[in-house]
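# Structural description and commentary
Read off the chains here:
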Amino acid sequence: MTASTYVPPVLAWISGLAIAMPGAAAERPTLKDAFRDDFRVGTALATPQILGEEPESLALAAREFNAITPENCLKWALVHPEPDKYDFEAPDQYVAWGEANGMFIVGHTLVWHNQTPAWAFAGVDGKPLDRETALARLKSHIDTVVGRYRGRIKGWDVVNEAIDDEGKLRTGPVGSWPRRGEPWHAAIGDDYIEQAFRMAHAADPDAELYYNDFNEWYPAKIEAISKLITDLKVKGVHIDGLGLQGHWGVDYPTLEEIDHMLTEYGKLGVKLKITELDVSVFPTLDQPTGADITRRERGRAARNPYRDGLPDDKQQELAQRYADIFKLFVKHRDKIDRVTFWGIHDGQSWRNGWPVGRRVDYPLLFDRQRQPKPAFDAVIGVAR
Ligand code: XIL
């Protein structure tokens, strides 16, 4: 950490230095500097932010982070809504902003069962999607999107969430119980992941390529993801990294589970990235683990206790939790090369709408006014 003179706000106030507060933001250490010797610290940019509707958020992102991921605008449904129609307005601005601000620019995501339009999964003449058509469609999409940003988007989440919670490859229609649906697998077969990585590598041989998933600490998933990556490497498929989403909560996964999974994945010989970190203040009692975006919880889980603010004890609990998590990231810094938060500030977070709709959550390091929270100070405090 560089700014050794930094005084956490509460101490500044106690010692009567609060008059310096307007200048405090400038004095404050930044996340990217605090962890410069450990890993990049990134954030996801929402489409309105990319389009310039929240200049203060972009300014904060430029100051704190050195990597960016688009929260939505490069997903198939957004960038390629119709067979012959691409929409590159937001992605073009995203990449241009990233370059202007010295960011490591990530692309998210090429192959996924969610946020992909129905036409992409439709077969010819009303028949189920066949292998040749599916492969041709994937290739055309990957060539167009990866090719457009060749040399500029430095890393791609190629395949997202291919493995279910029991460690099996998802297959079948989207939304089918038990929510394993993966139409790309159903149409192409087991090699669809390999094919997608080969296509992405051909479209930009210099781009880093990643596999990305959630609930990554489940023992069945550790086994299945490790096997997937090992098999790809044995086949000579180009893969650089494993993305661990990190949509976690105050009490899950346990620190032992995080430590264990980082140790296990660390043996694979690919760089690990925490790709979508947010820590919900709600415990597992109130919600499932994971990040299945089609899942909606009702009833008991729909309580919304913090709509008017987060009590101090909960704020401290979150801060401690973030500190504990970052201690583990630093411990495994030789294997982790990026930690990306899924958003800049709490007001933007998808956790306000998932898995319980319209419930106020506080999962990031900056509050709705874009001010650093106790969790920010706790994370900075972990930096060596
Ligand atoms: C989420 C976005 O944050 C939301 O805005 C969108 O409505 C749904 O998707 N796993 C992923 C991300 O890989 O792309 C998802 O992002 C969250 C779960």
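Because the structure is predicted, anything quoted here is derived from the model rather than measured. Note that residues are indexed from 1 along each chain, following the sequence as it is written. Given that this is a predicted model, residues contribute local features only at a pLDDT of at least 70 and side-chain atom pairs are listed and counted only at 80 or more, while totals for whole chains, interfaces and linings are drawn from all residues. Note: side-chain values were computed over all heavy atoms of the structure, leaving out hydrogens and water.

### As for the pattern of salt bridges
- The term salt bridge refers to a side-chain nitrogen of Lys or Arg lying within 4 Å of a carboxyl oxygen of Asp or Glu. The tally for this structure, following the rule as stated, stands at 22 salt bridges.
- Across the pair Asp 92 and Arg 148 runs a salt bridge whose closest N-O atoms are separated by 2.8 Å. Pair noted here: Asp 92 is in helix α7 (residues 89-100) and Arg 148 is in helix α9 (residues 131-148), with a separation of 56 residues, a long-range link.
- The network of salt bridges with shared partners includes Arg 28, Arg 63 and Glu 64. Think of it this way: any DSSP run of H or I at least four residues long counts as a helix, any run of E at least two long counts as a strand, and we number them from the N terminus.

### Notes on the site of the ligand
- Contacts to the ligand come from 15 residues, most closely from Glu 71, Lys 75, His 108, Glu 276 and Trp 342.
- Lys 75 is positioned with one of its side-chain polar atoms (N or O) 2.7 Å from an oxygen atom of the ligand.
- In protein, a polar contact means a hydrogen-donor-capable atom and an acceptor-capable atom, both N or O and within 3.5 Å, with residues adjacent in sequence counting only if both atoms are side-chain atoms; elsewhere, any N or O pair within 3.5 Å suffices. One nitrogen or oxygen atom from the side chain of Gln 115 is found 3.2 Å from an oxygen atom belonging to the ligand.
- Considered on its own, the ligand offers 410 Å² of accessible surface; in the complex 85% of this is hidden by protein.
- Only Asp, Glu, Lys and Arg are considered charged, only Ala, Val, Leu, Ile, Met, Phe, Trp, Tyr, Cys and Pro nonpolar, and every remaining residue, Gly among them, polar. Across the shell around the ligand, the residue classes tally to five nonpolar, six polar and four charged. The criterion for a residue being near a molecule or strand is simple. One of its heavy atoms has to lie within 4 Å of it. Each accessible area value is a Shrake-Rupley result obtained with a 1.4 Å probe; residue values ignore everything except the protein chains displayed when judging cover.

### Comments concerning unusual backbone geometry
- The peptide bond linking His 108 to Thr 109 adopts the cis configuration, its omega dihedral lying at 0 degrees.
- On the secondary structure map, Thr 109 appears in strand β3 (residues 104-111).
- Going from Tyr 252 to Pro 253, the amide bond is cis rather than trans, its omega being -15 degrees.
- With respect to the helices and strands, Pro 253 occurs in the loop between β7 (247-249) and α13 (255-265).
- Its identity as a non-glycine residue notwithstanding, Asp 125 has a phi of 55 degrees, on the positive side.
- By the element assignment, Asp 125 lies in the loop between α8 (118-121) and α9.
- Remark: exposure states derive from per-residue accessible area (1.4 Å probe, protein chains only) relative to the maximum for the residue type, with buried under 20%, exposed over 50%, and partly exposed in between. Residue Asp 125 is classed as exposed on the basis of its relative accessible area, which comes to 69%.

### Concerning helix α14 (residues 312-331)
- A helix is expected to span 1.5 Å for every residue after the first. In a regular helix each residue adds 1.5 Å, so 20 residues correspond to 28 Å; α14 covers 29 Å between its end C-alpha atoms and thus fits that length.
- Residue contacts are defined here by distance: any two heavy atoms, one from each residue, within 4.5 Å place the two residues in contact. The inward-facing, buried residues of α14 contact β7, α13, β8 (271-280), β9 (336-341) and α15 (374-382).

### Observations regarding the nonpolar core
- Throughout, nonpolar core names a set of buried Ala, Val, Leu, Ile, Met, Phe, Trp, Tyr and Cys residues whose side chains join them through atoms within 4.5 Å. In terms of nonpolar packing, the biggest core is built from 112 residues, with Trp 184, Phe 326 and Phe 329 touching the most fellow members.
- Ranked by the residues each element gives to this core, the list is headed by α14, at nine residues.
- Ala 291, Trp 342, Trp 350 and Trp 354 belong to the second largest nonpolar core, which has six residues in total.

### Quick look at the pairing of β9
- Judged by how many residues are buried, β9 sits mostly within the fold: six of six residues are covered.
- Across four bridges, strand β1 (residues 40-45) lies against β9 in parallel orientation. If you follow Gly 42 over to β9, its bridge partner there is Thr 340.
- Pairs of strands are assigned from DSSP output, requiring at least two bridges between the strands. In this sheet, β9 lies alongside β8 in parallel orientation, the contact comprising four bridges. Among the inter-strand pairings, Leu 272 is bridged to a residue of β9, identified as Ile 336.

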